[in-house]
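# Reading the structure
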Amino acid sequence: VTMDLDYATRQARRHIPMTMQDWAEELDAFSAFVSDMENYGFLCSTYSVPQEVDLDQVLYTGAGMSSEPLTFEESAALQAAEGEPVFTDVTHLTSQQIEDFLQRKMGISLSEVSRFSWTYLEQFDSYYVQHGDTNRVTFLCTSGWTEDGMYYLDCQTESGDIHTALTLERSGDTYLFRSNILQ
């Protein structure tokens, strides 16, 4: 674990000592947070502001939200809308689930997001995507610093193939995703 010297300097100026153990625990906590089923997808997309997030990546497997099996009516409507049979797994979420999720995780609404290509079925007020696999990955936060309620973290997958510069904003007892740049 590498310690950011600027952060250590700011902490020292405030007379707040930081040990390597403190840093390791802090980074471990952030690693657990970003690897959570609800959160890892935010690190699979590049965005400089929340509105640019790729919801296809974030919600690919449902982001930990419950999704009931498709009803016969939903399956038929999805097949008609997409023009092909449903052969793979389908994740579907209601508009309200997505709205609540985006408010809680980014402080924005679905109408503000520019990248989202799931099929919307108005009669069910739900969005659907077919997929045959998962994009599930675990991230490790390897360094970072904080300033004025913003947290700047360098993270990577356990395998090391994805590196990212993540910005979070403290919001009550959690964090809002503000930007993420894949490197």
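Because the structure is predicted, anything quoted here is derived from the model rather than measured.

## Let's talk about the nonpolar core
Counting residues in hydrophobic clusters, the biggest one holds 35 residues, and the most contacted among them are F42, L59, L168 and F177. Elements represented by at least two residues in this core include exactly α2 (20-35), α3 (55-58), α5 (95-106), β3 (126-131), β4 (139-147), β5 (150-157), β6 (163-171) and β7 (174-182). Aside from chain neighbours lying at most four places away, what touches L168 is F30, F33, G149, M150, Y151, L153, Y175, L176, F177 and R178. Judged by nonpolar contacts, the second largest core, of five residues, contains A77, V90, L121 and Y128.

## Topic: the sheet that holds strand β1 (residues 89-94)
With respect to topology, three strands assemble into an open sheet ordered β1-β3-β2, the strand pairing being antiparallel. Each end of this open sheet is capped by a strand with a single partner; those strands are β1 and β2 (119-121). Each adjacent strand pair in this sheet contributes to an overall mean axis angle of 30 degrees, direction not counted. Across six bridges, β1 lies against β3 in antiparallel orientation. Bridged to T91 within β3 is V129. Across the sheet, helix α4 (residues 72-82) lies against β1, β2 and β3, angled at about 130 degrees from β2, the strand it touches most. In the packing of α5 onto the sheet, contacts are made with β1, β2 and β3, and the angle to β1 comes to roughly 75 degrees.

## Things to note about the confidence of the model for the protein chain
Mean pLDDT for the protein chain: 88, with 87% of residues reaching 70 or above. Mean pLDDT across the secondary structure elements of the protein chain bottoms out at helix α1 (residues 5-13), with 53, and peaks at α5, with 98. Within the model, the stretch residues 1-6 combines pLDDT values under 50 with 12 contacts to residues more than four positions away or in other chains.

## Here's the deal with the pattern of salt bridges
All told, the structure shown has three salt bridges when counted by the stated rule. In this structure, K105 and E38 form a salt bridge, with 3.0 Å as the shortest nitrogen-oxygen distance. Taken as a pair, K105 in helix α5 and E38 in the loop between α2 and α3 lie far apart in primary sequence, 67 residues in all. Taking the relative accessible area as the measure of exposure, K105 reaches 5% and is therefore buried.

Criteria and thresholds
- Residues numbered from 1 in each chain as written.
- Predicted model: local features only at pLDDT ≥ 70, side-chain atom pairs only at ≥ 80, totals over all residues.
- Heavy atoms only, no water.
- Core = buried A, V, L, I, M, F, W, Y, C linked by side-chain atoms within 4.5 Å.
- Buried < 20%, exposed > 50% of the residue type's maximum accessible area, 1.4 Å probe, protein only.
- Helix = DSSP H or I, 4+ residues; strand = E, 2+ residues; numbered from the N terminus.
- Contact = heavy atoms within 4.5 Å.
- Pairing = 2+ DSSP bridges.
- Axes fitted to C-alpha atoms, helices over the stretch in contact; angles between N-to-C directions.
- pLDDT = per-residue confidence, 0-100.
- Salt bridge = Lys/Arg side-chain N within 4 Å of Asp/Glu carboxyl O.

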